[in-house]
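Chain and residue survey
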2 protein chains.
Amino acid sequence: MARAGGKRSVETSGSPGSAQTRAALVEAAVATLREVGFAGASAREIAGRAGCNQALIFYHFGSVAKLHLAALDAVSATRNVRYQAMVEESENLGDLVRAARTVFDEDLDQGHVTVLVEMIAAAQFTPELRPEVAARIRPWRTFAADSVRDALAGSPAARLLPPEELAHAIVALYLGLEMLANLEGEREPALALFDRAGKVASLLDIFKRKKKS
Amino acid sequence: MARAGGKRSVETSGSPGSAQTRAALVEAAVATLREVGFAGASAREIAGRAGCNQALIFYHFGSVAKLHLAALDAVSATRNVRYQAMVEESENLGDLVRAARTVFDEDLDQGHVTVLVEMIAAAQFTPELRPEVAARIRPWRTFAADSVRDALAGSPAARLLPPEELAHAIVALYLGLEMLANLEGEREPALALFDRAGKVASLLDIFKRKKKS
DNA sequence: GTCTATACTTGGATAGAC
DNA sequence: GTCTATCCAAGTATAGAC
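For the structure given in this document, a descriptive report is provided here. (Residues numbered from 1 in each chain as written. Chains lettered and ligands numbered in written order. Predicted model: local features only at pLDDT ≥ 70, side-chain atom pairs only at ≥ 80, totals over all residues. Heavy atoms only, no water.)

1. Thoughts on the overall build of chain A
Quick note on the threshold: Strands here are runs of E lasting at least two residues and helices are runs of H or I lasting at least four, both read from the DSSP assignment and numbered beginning at the N terminus. Note on exposure labels: buried denotes an accessible area under 20% of the residue type's maximum, exposed denotes more than 50%, and partly exposed covers the range between, all computed with a 1.4 Å probe on protein chains only. For this analysis, residues touch if any pair of their heavy atoms sits within 4.5 Å.
Scanning chain A from N- to C-terminus turns up ten helices and zero strands. Across chain A, helices and strands are ordered from the amino to the carboxyl terminus as α-α-α-α-α-α-α-α-α-α. In terms of its C-alpha atoms, chain A occupies a principal-axis envelope of roughly 65 × 40 × 30 Å. By the burial criterion, 47% of the 213 residues in chain A qualify as buried. Within chain A, counting contacts between residues at least 6 apart in sequence, those at least 24 apart form 63% of the total.

2. Quick notes on the packing of helix 1 (residues 18-40) of chain B against helix 4 (residues 64-88) of chain B
Each packed pair of helices is defined by two parameters, the angle between the axes and the distance between the axes. All names here are of chain B. Note the threshold: Only C-alpha atoms enter the line fits that serve as axes; for helices the fit covers just the stretch in contact. Angles between N-to-C directions range over 0 to 180 degrees. Angular relationships are summarised with four words: roughly parallel below 35 degrees, roughly antiparallel beyond 145, roughly perpendicular across 65 to 115, and oblique for the angles in between. Residues are grouped as follows: Ala, Val, Leu, Ile, Met, Phe, Trp, Tyr, Cys and Pro are nonpolar; Asp, Glu, Lys and Arg are charged; all remaining types, including Gly, are polar.
The interhelical angle for the contact between helix 1 and helix 4, taken along N-to-C directions, is 95°, at an axis separation of 8 Å. What the angle tells us is that helix 1 and helix 4 run roughly perpendicular. Every residue of helix 4 that contacts helix 1 at Leu 25, Val 26, Ala 29, Val 30, Leu 33 and Phe 38 is listed here: Leu 67, His 68, Ala 70, Ala 71, Ala 74 and Val 75. Residue classes in the contact of helix 1 with helix 4 are distributed as eleven nonpolar, one polar and no charged.

3. Side note on helix 2 (residues 43-50) of chain B
Residues and elements named next belong to chain B. Formally: When we speak of the arc, we mean the arc of directions from the helix axis to the C-beta atoms.
Turning to helix 2, its buried residues are Ala 43, Ile 46 and Ala 47. Seen along its axis, helix 2 keeps its buried residues to an arc of 95°; they face one direction. Exposed positions of helix 2 whose direction lies more than 90 degrees from the buried face are Arg 44 and Gly 48. Buried-residue contacts for helix 2 involve helix 1, helix 3 (55-61) and helix 4. Note on helix 2: the residue one or two positions beyond its end, Gly 51, has a positive phi of about 70°.

Any functional reading would require information beyond the geometric quantities listed.
Printed below as a string of C-alpha cells:
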C-alpha cells in the first residue's frame, strides 16, 4: 500500500532500503512531534531518532515541512481505522460516547492528538503548511458528521442539533480538551465530561427506543 | 497600575522612558504573537515592531519567554474586562450566548485567542513556560464556571450539566473553535454553533421562567 | 536606558565523496 | 541511497560604548 505510486518525491522505481528509511523517518517524525513538539521537530532531531543522517530527509522528502506532513498523514491513517472501528461497534449513542471516552484516553496516552494540535497551531502561520494541514483535518469533520448523523437518526435531538454543526463542535472540543489536558497535566476534567455526556446520551437513547416501540 | 511594584525584573525605582519602552515591547509582543505566531515571535522581530533594540528585551524582561508571558498577561487583562462586562450585561442564558457570539467574533477579528492558543501549544514542550501558562489559563475556567453557575441557577439543566464541567467544556470548545476557524479561514461554522446554542439557551430560559411563575 | 557589536548555537539546505 | 562537510540564515544572550 505504501508502495503504490504518487507519493514519493524523489524515487520513482522501488529502491533497496529506501522504503525502510522513509518509514523510519516518518515514524521518527511522529515520535518527535509528539515528544518535543513542532518547534523541536528539526531535521537533525528527527534524523537522530531515526538513526540516520539529516541529509536523508531532504533527499527523501524535499524539506522538513513535507516530512511533518507525512507524519501527520501517518497518524491520521492509524486514527482513522481506530475511530472507524469505534463507530462500527457502537449500537447507540450511549455506546458511542463511552467508546469515545476510551479512545480519547488512548489518544492522550499515545499523544496522537498532540501531533494534530502541534501541526494545526504551526500551520496557522506557515503559508505553505496551512492548506495542507487544513485538507488533512477536514476529513475528521465529515467523519464526525456522518457518525453523528447515524447515531442521532430518529432521535428528537437531531432537530435541535444538526449533525454537521454538532460534528464541528465535537472536533473543536476534542482538540481543545486535549490542549487543556496536556497543559494542566490532568485529564480528569475531560474524562468527567465524557462520562456526563454518556449519561445524557443514554437518556436520548431511551427516548428513541420509546418512540420506536 | 502598571507602575505598582513586583513585576519588573531589573529596575526597582521608576526610570525615565523605561515604562514606555516596556509597554511598547509588550504591545509589540502581543502583535507579533498574533500576526506571526509563537515561532515567529523572536526577540529581533518583536524589537523591530516596537521600534527599539533587540537587547532591550533582555534588559527589561530577562528573556524572550518572559516577554511572551507578559504579552499573555496583557491580553488576559483586556479579555477579562471584556468578558466580565459581557456577563454583567446579560440577564438570562440566551442573552449570554448571544453576547458570547459577538465577543467570539471580536476575538477572532483581533486575534486575542490566537495569542492564547499559540502560547498554550508552545508551553506544552517548554518546561519553564508550562506552569506559567497553565496558571494564566486557569482563571478562565473558574470565571466560566462562575458565569455558568449564575446563568444556570434555577434551571433544570443545572442538574444534568454541573457548572464546573460545563465550564471546562466551554473553554476547550472556545479554543478549539478558534483553532479551526483560523486554520480553515472561515468562521461561519463556529458562528452557526453559537446561534444554535442561543436557541437552545432561550428554550432553557423559558423553562426557567415557567418554573418561577 | 539604549545602542552597537559580537560570541555562540541551532537549524535548513546543498555539494560531493563513497 | 547514504554519509561527511559545509554554507548560510536566524536566534538568544552578553559586553561594553554612549
